[in-house]
Amino acid sequence: MSQTTPPTPSVGPTPRRGSALGSVLGTFGPFLALLTLVIVGLSTNEAFGKPENFQNILWAMAPVGIVAIGMTFVISLGGIDLSVGSLAALVGVATITFVNSLGGSDPSTAVVAAACVLAVLLGACLGTLNGLLVALARIPPFIVTLGTMAAFKSLAQTLANDGVVSARGDLFKSVGGGGIPLLYDRMPDDSLRVAVMVPWPVVAFFVVAALGHLTLRRTIFGRRVLAIGDNETASRYAAVPVRTVRLATYTLCGALAGLGALMSASYLNSASHSQTGAMWELDAIAAVVIGGTIMSGGSGTVAGTVVGVVLLGVINNLLVMWGSPPALQGLFKGSIIVAAVLIQRGRK
């Protein structure tokens, strides 16, 4: 009688060490990198550890950080927005032009408040334009936002007469130049001077980040964004309104870019096509990718983006302290993006 060989029990694929390492680096890598840079900064430069320096880091990166939150949603959807920097330039120039036109030499509170609303609404409208071209015209987002990047910058240059527009008065500057006092210095005449404060742009950045995290993780809209980024075809079969979600996502990104432009223009009290929003698209994408959001979509983390923003701010700060040429900052950021994408491949 022939003897039957029992079937070999099926087992799952053997975990690869590279994949496990990539997963760990993708999850904890940004935090470890930030911690390492802070330790290096504290050990190499005494000025790095001063509270004023950390205030300056956050102040410099807050407008870009607000834009990066919107970029997190777009990339989680499986898209991209290369126009955020030019959009910010156009919004900044338009906002200051509005303040100067209606406010005269000393704008009132009402005029400045209206300008703040205008900045966000104009950004949302420009983002909606991107969304309409992507969602309804079905043009690839890379092509759409590459074209609007050039168009927005040209409009900003025209509106500013190829120069710099400066806001009149001091009230508009207080929007991005003020903050919540933390530490005071006692002056020789026994008066107090604010030494360290939490700037309003930083407050706005963390508020937007908190709301963005809740929206992406706790709302139907956020779950739909991740679902479309993971599998658009399956989302359509599940009756997800793909076009509406895509349009709303680009509108959100535009509104946050407008808010970031408002904070930057008010802090500097000026705006131009060449300075406002310069390279923001690179910084925002770098922060999002460093934070762990997958470039192909379907997975996003706002908390990781916040860490990525702070990490880029620390890198810029250290490069300046070490006397590195400003032109090399783009080299470092580009290398970081490539390294982060390679780590993401390991996670997949």
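Residues numbered from 1 in each chain as written. Predicted model: local features only at pLDDT ≥ 70, side-chain atom pairs only at ≥ 80, totals over all residues. Heavy atoms only, no water.

**Here's the deal with the environment of Asn-161**
Then step 1. Relative to the elements of secondary structure, Asn-161 occurs in the loop between α5 (141–159) and β1 (164–166).
Then step 2. Counting along the chain gives 111 residues from Asn-161 to Ser-272, while the straight-line C-alpha distance between them is 9.4 Å. (Helix = DSSP H or I, 4+ residues; strand = E, 2+ residues; numbered from the N terminus.)

**Some details on the pattern of salt bridges**
Opposite charge on two side chains allows them to pair when their charged atoms are near.
Then step 1. Summed over all chains, the structure comprises 2 salt bridges.
Then step 2. Residue Arg-236 is joined to Glu-232 by a salt bridge in which the shortest nitrogen-to-oxygen separation is 2.7 Å. Of the two residues, Arg-236 and Glu-232 both sit in helix α9 (residues 232–237), 4 residues apart, roughly one turn of that helix.
Then step 3. Glu-232 sits in the partly exposed class, given a relative accessible area of 29%.
Then step 4. Taking the shortest distance from any N to any O, the salt bridge between Arg-246 and Glu-232 comes out at 3.2 Å. (Salt bridge = Lys/Arg side-chain N within 4 Å of Asp/Glu carboxyl O. Buried < 20%, exposed > 50% of the residue type's maximum accessible area, 1.4 Å probe, protein only.)

**Remarks on the packing of aromatic side chains**
Then step 1. Throughout the structure, instances matching the rule amount to 4 aromatic pairs.
Then step 2. Arranged with centres 6.3 Å apart and planes meeting at 20°, the rings of Phe-73 and Phe-221 form a pair that is stacked. In this pair, Phe-73 is assigned in helix α2 (residues 51–76) and Phe-221 in helix α8 (residues 220–230), connecting sequence segments 148 residues apart.
Then step 3. Considering the side-chain rings of Phe-205 and Phe-206, the 5.1 Å spacing of their centres and the 40° angle between planes classify their relative orientation as tilted.
Then step 4. By relative accessible area, which is 2% here, Phe-205 ends up buried.
Then step 5. A relative accessible area of 37% places Phe-206 in the partly exposed class. (Phe/Tyr/Trp six-rings, centres within 6.5 Å; stacked < 30°, edge-to-face > 60°.)

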